[in-house]
Amino acid sequence: MSKDVVIIRGEALADVAAKLAGEKEIFIIHDENVAHVAAAVAAALGGVKAVIGLKTSEDLKTMDTAVWVTERLLEADASRGALVLAIGGGITTDIAGFAASMYKRGIRYANIPTTLLAQVDAAIGGKTGVNLHGYKNMLGAFHMPEFTFLTASVLETLPEKELRCGLAEMLKTFLIGDADAYARAVSSRFSAKILDGQDKNGLPSRKNAKIQDELIFGAASIKADIVRRDPLEHGERAVLNLGHTFGHAIEHCSKGEIAHGEAVGMGIILAARLSEGLGLAQKGLAACLEKDFQRVGLETACPYGIDELAAAMKKDKKDGRFILLKGIGQPVITTVKEDDLRKYTE
């Protein structure tokens, strides 16, 4: 996988047209919830071969759905020169990217993420895949998108829960890569009510747009830089899984009741406690992070005991690796004995 990680920052959806000028065979795969975004993009591009809507949920993020997408591409006579344009959140970009990786042994795709979580994490870096028997992303491929197009304009009507899920992934990225940005994020109005304030219609306010855009692009850039150095996760890229070993187990135990970003936030707190217990971090780190997360509206208390989590973690694709912290901006990749896991997280 030798492609660069390309992030394009746009003010409006129509800006993506310049990047795709000259493309003769574009197939849009979109979350049905953002059909209006897909329609706007299709209108800006003109000549799109097909616009295909997906129902999305973790339960529908399966091989059957990915194959269904390839069947639609086949019906529409997509050639090996086609480009799939995924529009939606992380589930959509994962499924569309995975389908593109399989169709005719691999065709190109690009992403227009429409959730905060996808903009700062899921749609960047070429990890594609689907779930298997309720376990996250057990089937998949590394397949780098041609680009990921970021515009905060698509976040204006995103529900607050979705914004908070994205905020958890954003804070994760800053915890591993930028202590100053982490401090700005947890103290800014962006995080305080995305999140500060809603307008008279109950929608997130854009009065702090400059702060929001800088933090979004900053987090996306950190991830992109890490992926460039380690595209296939042979080493450093694993730090992006901070909170995810616990988080995926929390998601599995909740049977979908706890969303990915919410679970990652809880998982980061558990990872911080484990870091302290093992002597990697100074005492007080977990309490500090917990206070920060709660201040910006993230739930920090895991509702499951370590026995339930451990059973799910045994099937996690990270094979027992944990990402822990020496401090903010200082991640550590390590394995943990089960006795220590129970001792320091119960």
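Report on the accompanying structure. (Residues numbered from 1 in each chain as written. Predicted model: local features only at pLDDT ≥ 70, side-chain atom pairs only at ≥ 80, totals over all residues. Heavy atoms only, no water.)

## Some points on the overall build of the protein chain
Phase 1: Within the protein chain one finds 14 helices and ten strands.
Phase 2: For the protein chain, whose C-alpha radius of gyration is 20 Å, the value lies close to the compact-globule estimate of 20 Å for 346 residues.
Phase 3: Across its three principal axes, the protein chain shows a C-alpha extent of roughly 60 × 45 × 35 Å.
Phase 4: When the 346 residues of the protein chain are sorted by exposure, 55% land in the buried category.
Phase 5: Contacts in the protein chain between residues at least 24 apart in sequence constitute 73% of all its contacts with a sequence separation of at least 6.
Phase 6: When the accessible surface of the protein chain is totalled, it reaches about 14700 Å², and 50% of it is carbon and sulfur.
Phase 7: For the protein chain, the distance from the average site of its 42 positive side-chain charges to the average site of its 45 negative ones is 2 Å. (Helix = DSSP H or I, 4+ residues; strand = E, 2+ residues; numbered from the N terminus. Rg over C-alpha atoms; globule rule 2.2 N^0.38 Å. Buried < 20%, exposed > 50% of the residue type's maximum accessible area, 1.4 Å probe, protein only. Contact = heavy atoms within 4.5 Å. Areas by Shrake-Rupley, 256 points an atom, 1.4 Å probe, with all protein chains shown as cover. Lys, Arg positive; Asp, Glu negative; His and termini not counted. Charge placed at Lys NZ, Arg CZ, Asp CG, Glu CD.)

## Brief notes about helix H12 (residues 285–295)
Phase 1: When we look at burial in H12, the residues that qualify are Leu 285, Ala 286, Leu 289, Glu 290, Asp 292 and Phe 293. Viewed along the axis of H12, the buried residues span an arc of 165 degrees, placing them on a single side of the element.
Phase 2: Of the surrounding secondary structure, the elements contacted by the buried residues of H12 are helix H6 (160–177), helix H7 (179–187), helix H11 (260–277) and strand E9 (321–327).
Phase 3: Gly 297, located one to two residues past H12, shows a positive phi value of around 95 degrees. (Arc of directions from axis to C-beta.)

## A few points about the pairing of strand E3 (residues 50–54)
Phase 1: Of the two faces of E3, only the one carrying Ala 50, Ile 52 and Leu 54 is buried; Val 51 and Gly 53 on the other face are not.
Phase 2: Bridge count for strand E2 (residues 26–31) against E3 is five bridges, and the pairing is parallel. The residue bridging His 30 from the neighbouring strand is Gly 53, located in E3.
Phase 3: What joins E2 to E3 is helix H2 (residues 35–45), and the crossover it makes is right-handed. (Pairing = 2+ DSSP bridges. Right-handed = clockwise from strand over helix to strand, strands pointing away.)

## Notes on unusual backbone geometry
A negative phi angle is the norm for most residues apart from glycine, just as the trans form is the norm for most peptide bonds.
Phase 1: You will see that Asn 137, though not glycine, has its phi angle at about 50 degrees, which is positive.
Phase 2: Along the polypeptide, Asn 137 turns up in strand E7 (residues 135–142).

Purely spatial values, then, with no claim about function.
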